[in-house]
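Examination of the molecular architecture
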Amino acid sequence: AQSVTQPDIHITVSEGASLELRCNYSYGATPYLFWYVQSPGQGLQLLLKYFSGDTLVQGIKGFEAEFKRSQSSFNLRKPSVHWSDAAEYFCAVGSWGGYNKLIFGAGTRLAVHP
Amino acid sequence: DAGITQSPRYKITETGRQVTLMCHQTWSHSYMFWYRQDLGHGLRLIYYSAAADITDKGEVPDGYVVSRSKTENFPLTLESATRSQTSVYFCASNPGGFTGELFFGEGSRLTVL
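Here's what I pulled together on the structure shown here. Only a predicted model underlies this, so the values are computations on that prediction, with no experimental measurement involved.

What follows deals with the overall build of chain A. Within chain A, the secondary structure is distributed over zero helices and 12 strands. For 114 residues, the compact-globule estimate of 2.2 N^0.38 gives 13 Å, and chain A sits close to it at 14 Å. If one aligns the C-alpha atoms of chain A with their principal axes, the spans along those axes are about 45 × 30 × 25 Å. Taking all contacts inside chain A whose residues are at least 6 apart in sequence as the whole, residues at least 24 apart take part in 53%. For chain A, the accessible surface area stands at approximately 5300 Å², while carbon and sulfur atoms represent 51% of it. Taking the 9 positively charged and 8 negatively charged side chains of chain A as two groups, their mean positions are separated by 7 Å.

This is the structure:
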């Protein structure tokens, strides 16, 4: 069965510092991988996605993520965090065919200190 | 462009009552989904639908009922609400063809007393 693990429940960084949010997945075949962001009181917005090809994918708001098959990981990075990046971040995995269902991780809440 | 809207945004009810959460999308997306969000669990899939009159269970369907008589609407009903169903509920849609991206509503916060 597919699953997603986000090991860090909370992360605090200083504004301007670099950021890496971890995501590990379990899936038998090549997964589709996603990162979503949720601002307080809002729904989820897609940051980026990986289907195939280049393992480093660029997303919106200056985020990028790298797919590492050998580590079953899809970590999200940003070189310089802004206060507006404070939010909850969800990693998700999907599969070929069958309704486009996504399985989400538990989320990582990011706090940004000025 | 209204997108996907959920109502009510906030609801307080009592144990044993029936509650219906509404979801409406204006894009004519084929696929629609209901997730619940709970601390420590992320989002868990309750039910999904590939088209009108086609629905199927997700990870946590017990205690919930869905219907989809029209493409644009996907209501979620709690037939007899329990405290464990206190949660934030998100409706999402997808146009099909596996773009992967789900488009989410703003959520409905339900409290069961």
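Before going further, it helps to examine the packing of aromatic side chains. Residues and elements named next belong to chain A. Under the definition given, this model contains 18 aromatic pairs over all chains. Ring geometry for Y32 versus F51: centroids 4.4 Å apart, planes at 35°, classification tilted. Of this pair, Y32 sits in strand β5 (residues 32-38) while F51 sits in the loop between β6 (44-50) and β7 (56-58); the two residues are 19 residues apart in sequence, bridging distant segments of the chain. Centroid distance Y50 to F74: 6.4 Å. Interplanar angle 45°. Geometry classified as tilted. With a gap of 24 residues between them, Y50 in strand β6 and F74 in strand β9 (residues 73-78) connect regions that are remote in the sequence. Residue Y50 is classed as buried on the basis of its relative accessible area of 4%.

Within this model, the largest pocket holds a volume of roughly 550 Å³. Considering the residues around the largest pocket, the lining is formed by 26 residues, among which A:Q38, A:E88, A:R109, B:Q37 and B:R109 are closest to the centre. Looking at side-chain class alone, the lining of the largest pocket contains eight nonpolar, 12 polar and six charged residues. As for the second largest pocket, its lining consists of 16 residues, of which A:G43, A:L44, A:Q45, A:L46 and B:F104 are closest to the centre. Elements that contribute at least two residues to the lining of the second largest pocket include exactly β5 and β6 of chain A together with β10 (103-104) of chain B. Looking at the lining of the second largest pocket, the element that brings in the most residues is β6(A), giving three residues. Looking at the lining of the second largest pocket residue by residue, the classes come out as seven nonpolar, six polar and three charged.

The next thing to look at is the sheet that holds strand β1 (residues 4-7) of chain B. Residue and element names in this part refer to chain B. Taken in spatial order, the four strands make up an open sheet running β1-β3-β8-β7, and their pairing is antiparallel. Single-partner strands in this sheet number two, and they are β1 and β7 (64-66). Shown here is a sheet whose adjacent strand axes are inclined to one another by a mean of 15°, direction ignored. Note that strand β3 (residues 19-25) and strand β8 (residues 76-78) share three bridges and pair antiparallel. Residue T20 lies in a different strand from β8, and its bridge partner there is T77.

With 26 residues of chain B at the interface, the matching set in chain A holds 22 residues. Viewed at the interface, chain A and chain B are joined by zero salt bridges. If you look at where chain B meets chain A, you find three residue pairs in polar contact (both at pLDDT 80 or more). Residue contributions to the side of chain B that touches chain A peak at five residues, all from strand β5 (residues 42-51) of chain B. For the side of chain B that touches chain A, the residue count by class is 12 nonpolar, 10 polar and four charged.

What follows deals with the nonpolar core. Judged by nonpolar contacts, the single largest core of 27 residues is most densely connected at A:L19, A:W35, A:L47, A:L48, A:F74, A:L76 and A:Y89. Those elements that provide at least two residues to this core are β2 (10-14), β3 (19-21), β5, β6, β8 (64-68), β9, β10 (87-94) and β12 (108-113) of chain A. Every residue in contact with A:L19, bar those within four places of it in the chain, is listed here: A:I11, A:V13, A:F63, A:L76, A:R77, A:K78, A:V81 and A:L110. Listed in part, the 21 residues of the second largest apolar core include A:Y32, A:Y36, A:F90 and B:A92.

In total, this model carries nine salt bridges over all chains according to the counting rule given. A salt bridge links A:E88 to A:R109; the nearest nitrogen and oxygen atoms lie 2.9 Å apart. One end of the pair, A:E88, is in strand β10; the other, A:R109, is in strand β12, and 21 residues separate them in sequence. Linking B:D38 and B:R44 is a salt bridge whose minimum nitrogen-to-oxygen distance equals 2.9 Å.

Thresholds, definitions, all that
Residues numbered from 1 in each chain as written. Chains lettered and ligands numbered in written order. Predicted model: local features only at pLDDT ≥ 70, side-chain atom pairs only at ≥ 80, totals over all residues. Heavy atoms only, no water. Helix = DSSP H or I, 4+ residues; strand = E, 2+ residues; numbered from the N terminus. Rg over C-alpha atoms; globule rule 2.2 N^0.38 Å. Contact = heavy atoms within 4.5 Å. Areas by Shrake-Rupley, 256 points an atom, 1.4 Å probe, with all protein chains shown as cover. Lys, Arg positive; Asp, Glu negative; His and termini not counted. Charge placed at Lys NZ, Arg CZ, Asp CG, Glu CD. Phe/Tyr/Trp six-rings, centres within 6.5 Å; stacked < 30°, edge-to-face > 60°. Buried < 20%, exposed > 50% of the residue type's maximum accessible area, 1.4 Å probe, protein only. 1 Å grid on protein atoms, 1.4 Å probe; cavity = no way out; pocket = protein on both sides within 12 Å on 5 of 7 lines; lining within 4 Å. Points joined across faces, edges and corners; volume = space filled by probe spheres on them. Nonpolar A, V, L, I, M, F, W, Y, C, P; charged D, E, K, R; others polar. Pairing = 2+ DSSP bridges. Axes fitted to C-alpha atoms, helices over the stretch in contact; angles between N-to-C directions. Salt bridge = Lys/Arg side-chain N within 4 Å of Asp/Glu carboxyl O. Polar contact = N/O pair within 3.5 Å; in protein donor to acceptor, adjacent residues only side chain to side chain. Core = buried A, V, L, I, M, F, W, Y, C linked by side-chain atoms within 4.5 Å.

Purely geometric numbers; function is a separate question.
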